[in-house]
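# Report on the structure
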Amino acid sequence: MKRKLKKIFSRFSLVALTIILIFFVAVALFVGAIYVVHEVVIFYYPKTQLYLMIGITLLDWLIMIITTLRVANRDMLPETKVPWIICIITFNIVGVIAYIVFSSHRPSKRQRGRYVSLIERSVPYSRRKYPKEQTEQLLGVWADESEALALASPTAVLYGGTKTEYFPSGEQFVKRLLEDLKQAQKYIFLEFFIIEKGKLWTSILEILKQKVQEGVEVRVMYDDIGCMGKVHVRYHKTLRKMGIKCVKFNKFVPVLSNVHNNRDHRKIVVIDGTVGYTGGINLADEYVNIVQYFGHWKDSAVRLEGEGVKSFALMFLRLYNIQTKTAEDFSPYIPEEYETYENEGFVQPYGDGPRPLYGKHLGEDVYINILNGAKRYVYITTPYLIIDYRLREALTLTAQRGVDVRILTPHIPDKKIPFALTRSNYLALIKGGVKIYEYTPGFVHAKSFVCDDEVAVVGTINLDYRSLLFHFEDAVLMFKTKAVEQLKADMDQTFEVSALQTAEDAKKSVVWRWLCEIAKLFAPLF
C-alpha cells in the first residue's frame, strides 16, 4: 500500500497530471476564443448567425481534412498514422490539437544541429577497421548484417581483438563492475536511465567519491523522468558538490511537447576507455535482487575490454555534450593504443535514437536482419512485447522457415498495462509458429538476441514502440565471441524454469483480449 501511495504522489504522477492539465487548458483557450469571436460577431451582426455557424462548421471540416491528409502522407509508421486519424475523426478539433501538440517526437532543431556537429567530431575516431572484402572473410554469412549496420550508422564500427564477458544476472554484473571501478586510473563515465538511492548505488557512490579524491574524472548522466521518485529533483547538484560532473538528461519542463518521450534509456559504463559495459541493468536495488517486488529479477549485461569500448565512450560523450551544450575535444578520452585479445571474435557497438538524429530505426533493423539470416534458432528476451507489423511478420516468417524462434517474457509483471499488451500479441505469434515462454520465477528485464551459436545482441532495446521509436538506446552486436556462447547457455537454462505458452492460454478472457487489441492500436502514440 505504501509503495502504491508513493507512486500516486510521486513527481512522475505530478508531471503526467501537469501535462494533462496544460493540454486541457490549451483546448479550453481555443474553444473559448471561438466562442468569443462568435459572440462578438453576433452582437454586432445578429443576422449573420446562421452563416457564421455554417462557416465555423466548414472551417472545422477543412482543418480536419487537411490534418488527416497530412497524417496520411507524413513519414511515419503506418501503425502510428491509423490511431491519429481515428483520434482526429472521433474527437474533431480536439483530436487535431492533440495531433499538433503530441505527434512530434523529434528533438529540437538546435539539438539536431549540435548532434550533427558532434557526429562529425566522432568521425576521426570511427574509421572502419576492416574493408568490406575482409569483413566477408571474417564474418561469412553475417557480413551483410555488419555492413548494413555500418551503412546506417557510420559510427557503428566493427572491432576485432576485444574481449567479451556476459553476465546472466545483476548480481554477477555488479560484482565485476565494482572491481573495475576500483581500478580506474583516468576517468569513469556512467550513463543510466535509472539511478535510485539504495544499497547498490551507495556502494558505487562510495567508490566514485574515493576516485574523485584520487584525481580520477567521474561523469554521471541520468534520465530526469526515469529517476523521478528515485532521487530528489536536485540530486545532480548534490553529486556535483562531491566533485562528480553530473547532468540530468532532457530535464522535464512542463510545456506542451512530446519531446519528453525522447528519454535516455541507455545503460553505459566506460572506464579509462578500455573497459565498457552495457545491458538492461539500472543502478537500483531491484535490478540486482537486493529487494524483490516482482519475484526474481532476471536481467543481463555484457562487458567489453579492448578497442570496442571506444564506441561506448563516443556515445556517452556525444549525448553528454548535447546536454551540457558544449563541443569538447574527445581525444583525451580515446586511448592511443589498445591491448589486442586473440580469438575473441568481433563486436560492433551501436546507438539508436529518435529520428532524424538517426536516419533509420537501427534497433529494429538489426533484430530483423538477424531473423532473416537465421538458419537454426533465434532466442529472444524482452520485458515488453509490443511490436509493429514489420517485426511481427519477420518473427513469424522466420519460424515458418523451420527456424526455432523463442521469445522469453515475464510471468510476473512490473507494469500491468504493458504486460496485458504483451500477452495480447501472443496468439498471432503462436499461430505463426513462434514459441513464447514466460519466466515463472519472476520478471524478465533482459534485452537480448542470440542466433545459431554465432551472433548475438545485448543492450537496452526492448521490443516495444518506446525503445524502437522514441528513446536513445544502445547495444552491442557480437559475432563469434565468448559472450555469444555464454548467452546461449544462459538461455538454455532459463527456458528450463519457464512455462511454454499455448494458443489456449492466449485465448483466455476474450473480453479482456479485445480491450487489449483496442489499447494496442494507440500504443505507438505513447
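In what follows, the structure referred to is the one given above.
The text that follows walks through the structure, step by step, so that each part is easy to find. Quick caveat, the model's predicted, so the values are computed rather than measured.

### Digging into the sheet that holds strand 1 (residues 159–160)
- One open sheet holds the 9 strands; their spatial order is 1-10-17-16-15-11-12-13-18, and the pairing between them is mixed. What marks the edges here is a single partner per strand, and that holds for strand 1 and strand 18 (498–500).
- Where strand 1 and strand 10 (residues 346–352) come together, 2 bridges link them in antiparallel fashion. Bridge assignment links Tyr 159 to a residue of strand 10, and that residue is Val 347.

### What about the pattern of salt bridges?
- The full count for this structure, using the stated rule, is 25 salt bridges.
- The partner of Glu 217 in a salt bridge is Arg 219, with the nearest N and O atoms 2.8 Å apart.
- Its relative accessible area of 17% is what places Glu 217 among the buried residues.
- Taken together, the salt bridges that share partners define one network made up of Glu 165, Arg 176, Glu 179, Asp 180, Arg 303 and Glu 305.

### Considering the packing of helix 7 (residues 132–139) against helix 8 (residues 143–152)
- The geometry of helix 7 relative to helix 8 is characterised by a closest axis approach of 8 Å and an angle of 140° between their N-to-C directions. By the angle between their axes, helix 7 is oblique relative to helix 8. In this structure, helix 7 contributes Lys 132, Thr 135, Glu 136 and Leu 139 to the contact, and helix 8 contributes Ala 143, Ser 146 and Glu 147.
- The class makeup of the residues in the contact of helix 7 with helix 8 is 2 nonpolar, 2 polar and 3 charged.

### A short note on the pairing of strand 11 (residues 377–381)
- Among the 5 residues that make up strand 11, 5 are buried, leaving the element largely enclosed by the rest of the structure.
- Here strand 11 shows no split at all, with Tyr 377, Tyr 379 and Thr 381 on one side and Val 378 and Ile 380 on the other all buried.
- A crossover links strand 11 with its parallel partner strand 12 (residues 404–410), the connecting element being helix 14 (residues 389–400), and its sense is right-handed.
- The sheet contact formed by strand 11 and strand 15 (residues 448–451) spans 4 bridges and is antiparallel. Within strand 15, the position partnered with Val 378 by the bridge is Cys 451.

### A closer look at the sheet that holds strand 2 (residues 163–167)
- Strands sit in the order 2-9-7-6-3-4-5 across an open sheet of 7 strands; the sheet is mixed. Where the open sheet ends on each side, the last strands, each with one partner, are strand 2 and strand 5 (245–249). Going across the sheet, the axis of each strand differs from the next one's by a mean of 10°, ignoring polarity.
- As paired elements, strand 2 and strand 9 (residues 301–305) share 5 bridges and run antiparallel to each other. Note that in strand 9 the partner of Tyr 166 across the bridge is Val 302.
- Here helix 10 (residues 199–213) sits on the sheet and contacts strand 3 (187–192) and strand 4 (217–223); the angle it forms with strand 3, its principal contact strand, is near 150°.
- Packing of helix 18 (residues 482–496) onto the sheet brings it into contact with strand 2 and strand 9, and relative to strand 2 it is tilted by some 15°.

### Structural notes on empty space enclosed by the protein
- Tallied over the entire structure, the rule returns 4 cavities of 30 Å³ or more.
- Volume-wise, the second largest cavity comes out at about 40 Å³.
- Every residue lining the second largest cavity is listed: Phe 173, Phe 192, Lys 267, Val 269, Tyr 277, Thr 278, Gly 279, Gly 280, Ile 281 and Ala 301.
- At the level of secondary structure, the elements contributing two or more residues to the lining of the second largest cavity comprise strand 6 (267–271) and strand 7 (275–279).
- The element contributing the most residues to the lining of the second largest cavity is strand 7, with 3 residues.
- Broken down by class, the residue content of the lining of the second largest cavity amounts to 6 nonpolar, 3 polar and 1 charged.

Parameters and conventions
- Residues numbered from 1 in each chain as written.
- Predicted model: local features only at pLDDT ≥ 70, side-chain atom pairs only at ≥ 80, totals over all residues.
- Heavy atoms only, no water.
- Pairing = 2+ DSSP bridges.
- Helix = DSSP H or I, 4+ residues; strand = E, 2+ residues; numbered from the N terminus.
- Salt bridge = Lys/Arg side-chain N within 4 Å of Asp/Glu carboxyl O.
- Buried < 20%, exposed > 50% of the residue type's maximum accessible area, 1.4 Å probe, protein only.
- Axes fitted to C-alpha atoms, helices over the stretch in contact; angles between N-to-C directions.
- Parallel < 35°, antiparallel > 145°, perpendicular 65-115°, else oblique.
- Contact = heavy atoms within 4.5 Å.
- Nonpolar A, V, L, I, M, F, W, Y, C, P; charged D, E, K, R; others polar.
- Right-handed = clockwise from strand over helix to strand, strands pointing away.
- 1 Å grid on protein atoms, 1.4 Å probe; cavity = no way out; pocket = protein on both sides within 12 Å on 5 of 7 lines; lining within 4 Å.
- Points joined across faces, edges and corners; volume = space filled by probe spheres on them.

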